[in-house]
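Chain by chain, the residues:
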Amino acid sequence: YNYAFLRFISVSKEYENYSYVADYLGYIYEKGLAGVKDYRMAVHYYKIAADAGISSALNSLGVMYHNGTGVSKDLTIAYGYYLWAVVMGDKEYAPNNIKILEKNGAYVQNQEQAINGVVNACLGFKQNFITEGEILYNLAMILKTGSGLKKSSKDAEYWFQKSCEKGYKEAC
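Read on for an overview of the structure. (Residues numbered from 1 in each chain as written. Predicted model: local features only at pLDDT ≥ 70, side-chain atom pairs only at ≥ 80, totals over all residues. Heavy atoms only, no water.)

1. Here's the deal with the overall build of the protein
- Assigned secondary structure in the protein consists of nine helices and zero strands.
- Shown N-terminal to C-terminal, the secondary structure of the protein runs as helices and strands in the order α-α-α-α-α-α-α-α-α.
- Out of the 172 residues in the protein, the part that is buried amounts to 45%.
- Across the protein, contacts joining residues at least 24 apart in sequence account for 51% of those joining residues at least 6 apart.
- Within the structure as shown, the protein displays about 9,800 Å² of accessible surface, and the carbon and sulfur contribution to it stands at 51%. (Helix = DSSP H or I, 4+ residues; strand = E, 2+ residues; numbered from the N terminus. Buried < 20%, exposed > 50% of the residue type's maximum accessible area, 1.4 Å probe, protein only. Contact = heavy atoms within 4.5 Å. Areas by Shrake-Rupley, 256 points an atom, 1.4 Å probe, with all protein chains shown as cover.)

What follows is the structure, encoded as structure tokens:
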């Protein structure tokens, strides 16, 4: 069993979309599906997938930081990962996790800095599963609804326009 798992890891690195495999490996280590839970290895693989913009990995890292599992507990970092996950397309888990943090008093202290950080990070992801226009649209929706960042119609309109300029028709 262990040999098969180790072989899976070595062979999977050869695939073009290794980031998805890394996300799954993070899950395997987090849940102990390979025989033993190893939170540090889970974080390691989630970070590989998160660096590629995989929203489920971004959310999983948020959970790890939120709970202090495999890393030091840090709600600010957790909030950032949740926010990035939403911008990268997570419509279910990360928004709920943001609501949990907000219910417990967590919030973004510097909205402009948060927006710039999210935009720079997310636009740096080079994946074919989400376009720059869609990323900017998701950010605009966060600003429009006030889920994750302070509600701002003016900022939302700006990012809808940027999204439209990138060719994302739903923003136009």
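2. Digging into the pattern of salt bridges
- Applying the stated rule across the entire model yields three salt bridges.
- The partner of Lys166 in a salt bridge is Glu132, and the shortest N-O contact between them spans 2.9 Å. Placement of the pair is Lys166 in the segment after α9 (153–165) and Glu132 in helix α8 (residues 132–145), with a sequence separation of 34 residues.
- For Glu132, a relative accessible area of 30% puts it in the partly exposed group.
- Across the salt bridge formed by Glu165 and Lys162, the nearest N and O atoms sit 3.9 Å from each other. Pair noted here: Glu165 and Lys162 are both in helix α9, with a separation of three residues, about one helical turn. (Salt bridge = Lys/Arg side-chain N within 4 Å of Asp/Glu carboxyl O.)

3. Re the state of the cysteines
- A complete count under the given rule lists one disulfide for this structure.
- The residue that forms a disulfide with Cys164 is Cys172, at a sulfur-sulfur distance of 2.0 Å. What sets the handedness of the Cys164 and Cys172 disulfide is the S-S torsion sign, and at about 110° it is right-handed.
- Owing to a relative accessible area of 23%, Cys164 belongs among the partly exposed residues under this scheme.
- Judged by relative accessible area, Cys172 falls into the exposed class, the value being 62%. (Disulfide = S-S within 2.5 Å.)

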